[in-house]
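# Breakdown of the fold
This is what each chain is made of:
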Amino acid sequence: MDLQLDGKIAAVTGGSIGIGRAIAESLASEGCKVAICERDNPAAATRQRTGQETLAIAADLTRPEDAQAFIDGTVAHFGRLDILVNNAGAAPGGVLEGLSEEDWEASLQLKFMGYVRCTRYAVPHMRRQGVGRIVNLIGNDGIKHSYWEVAPGAANAAGQNFTISIAAQYGRENITVCAVNPGPVRTERWDGLVRAMSRDMEISYDEADQLAPRAIPLGRIAECDEVANLVTYLASPLAHFVNGTMIEIDGGQQKPLMDALRDR
């Protein structure tokens, strides 16, 4: 299937590792020129793997001026912006009494406000073009609640509301917006998350590592490429009519089973 992405310009936040890197490489493999926002310089690896032109712009998306510099820098280099994938950011897991004010602030500043900032600066460019596509990588915590993921759940619920709201606002201008809500994904962060679960729940590492897979009918967590493949399709012109929609990619995860297992 031709996804009609050849020559499109995509901007991906958090694109140097994990899901973001897989998305950048997947888009590039379909012919996109990709700008990658991260705090280091990730573009060389994506270029080496795909042969496509890539641009790395270091930015801290908790700073509005950095978010604007990333978006404006992408347009200045490539001449336009067809696709924005908001992916950067993570929120600390943990139970309420273990989360500090700083944890809550960090959850909202990057995972939520980083998306708001990049979208805010991307929309004017897309308006001038008369078309645009925004895909927000959020997470299933916002709709599948768990007490150990209260901070990510709050940030993700805000992101999901934001997605649906701006899809209604900008769809009439041919700028469409959707969200992808992954469940657990095997990224570089997974080991740290398992260790935090083990600590907070006072269970062994092996027990914590099996909580998520045992709550998923497929018996495993997702791989980065599986998420990237979905995002690439949704970013393509073939899916432009998918607007104001959120899609879970979590293998049918049943979060209450995780709580039941760890509360035994």
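Look a little higher up for the structure.
Let us look at the structure shown here. Since this is a predicted model, take the numbers as computed values, not measurements. (Residues numbered from 1 in each chain as written. Predicted model: local features only at pLDDT ≥ 70, side-chain atom pairs only at ≥ 80, totals over all residues. Heavy atoms only, no water.)

## Details of the pattern of salt bridges
Summed over all chains, the structure comprises eleven salt bridges. Put simply, Asp141 and Lys255 hold a salt bridge, and the shortest N to O gap is 3.0 Å. Here the residue Asp141 occupies a position in the loop between strand 5 (132-137) and helix 5 (150-170), and Lys255 occupies one in helix 9 (residues 255-262), the gap between them amounting to 114 residues. Among the residues examined, Asp141 registers a relative accessible area of 14% and is labelled buried. Connected through salt bridges with shared partners, the residues Arg63, Glu65 and Asp66 form a single ionic network. (Salt bridge = Lys/Arg side-chain N within 4 Å of Asp/Glu carboxyl O. Helix = DSSP H or I, 4+ residues; strand = E, 2+ residues; numbered from the N terminus. Buried < 20%, exposed > 50% of the residue type's maximum accessible area, 1.4 Å probe, protein only.)

## Section: helix 5
Helix length check: helix 5, at 21 residues, gives a terminal C-alpha distance of 30 Å against a target of 30 Å (1.5 Å per residue), a fit within 8%. Residues of helix 5 that are buried include every one of Ala151, Pro152, Gly153, Ala155, Asn156, Gly159, Gln160, Phe162, Thr163, Ile166, Ala167 and Tyr170, and no others. Residues of helix 5 that are buried make contact with helix 4 (101-129), strand 5, strand 6 (175-182) and strand 9 (245-249). (Expected span 1.5 Å × (residues − 1). Contact = heavy atoms within 4.5 Å.)

## A few points about the nonpolar core
Counting 33 residues, the largest nonpolar core has Ile23, Leu27, Leu137 and Val180 as its most contacted members. Contributions of two or more residues to this core are made by strand 1 (9-13), helix 1 (18-29), strand 2 (33-38), strand 4 (83-86), strand 5, strand 6 and helix 8 (224-235). Considering every element that reaches this core, the biggest residue donor is helix 8, with seven residues. The contact partners of Leu27, leaving out residues within four places of it in the chain, are Leu5, Ala10, Val12, Cys32, Val34, Val85, Thr232 and Ala235. (Core = buried A, V, L, I, M, F, W, Y, C linked by side-chain atoms within 4.5 Å.)

## Things to note about the packing of aromatic side chains
Evaluated as defined, the whole model comprises one aromatic pair. When the centroid spacing of 6.3 Å and the interplanar angle of 90 degrees are considered together, the rings of Phe112 and Phe162 count as edge-to-face. Placement of the pair is Phe112 in helix 4 and Phe162 in helix 5, with a sequence separation of 50 residues. Classification of Phe112 by relative accessible area gives buried; the value is 18%. (Phe/Tyr/Trp six-rings, centres within 6.5 Å; stacked < 30°, edge-to-face > 60°.)

## Topic: the packing of helix 4 against helix 5
The angle between the axes and the distance between the axes are what describe a pair of packed helices. Two elements in contact, helix 4 and helix 5, have axes separated by 8 Å at closest approach and are oriented at 15 degrees. Between helix 4 and helix 5, the crossing angle belongs to the class labelled roughly parallel. The two elements helix 4 and helix 5 meet at a crossing, and its hand is right-handed. Of the residues in helix 5, those in contact with Trp104, Ser107, Leu108, Lys111, Phe112, Tyr115, Val116, Thr119, Val123 and Arg127 of helix 4 are Val150, Ala151, Ala154, Ala155, Asn156, Ala158, Gly159, Phe162, Ile166 and Tyr170. Classifying every residue of the contact of helix 4 with helix 5 gives 14 nonpolar, four polar and two charged. (Axes fitted to C-alpha atoms, helices over the stretch in contact; angles between N-to-C directions. Parallel < 35°, antiparallel > 145°, perpendicular 65-115°, else oblique. Left-handed = near helix turned anticlockwise from the far one by under 90°. Nonpolar A, V, L, I, M, F, W, Y, C, P; charged D, E, K, R; others polar.)

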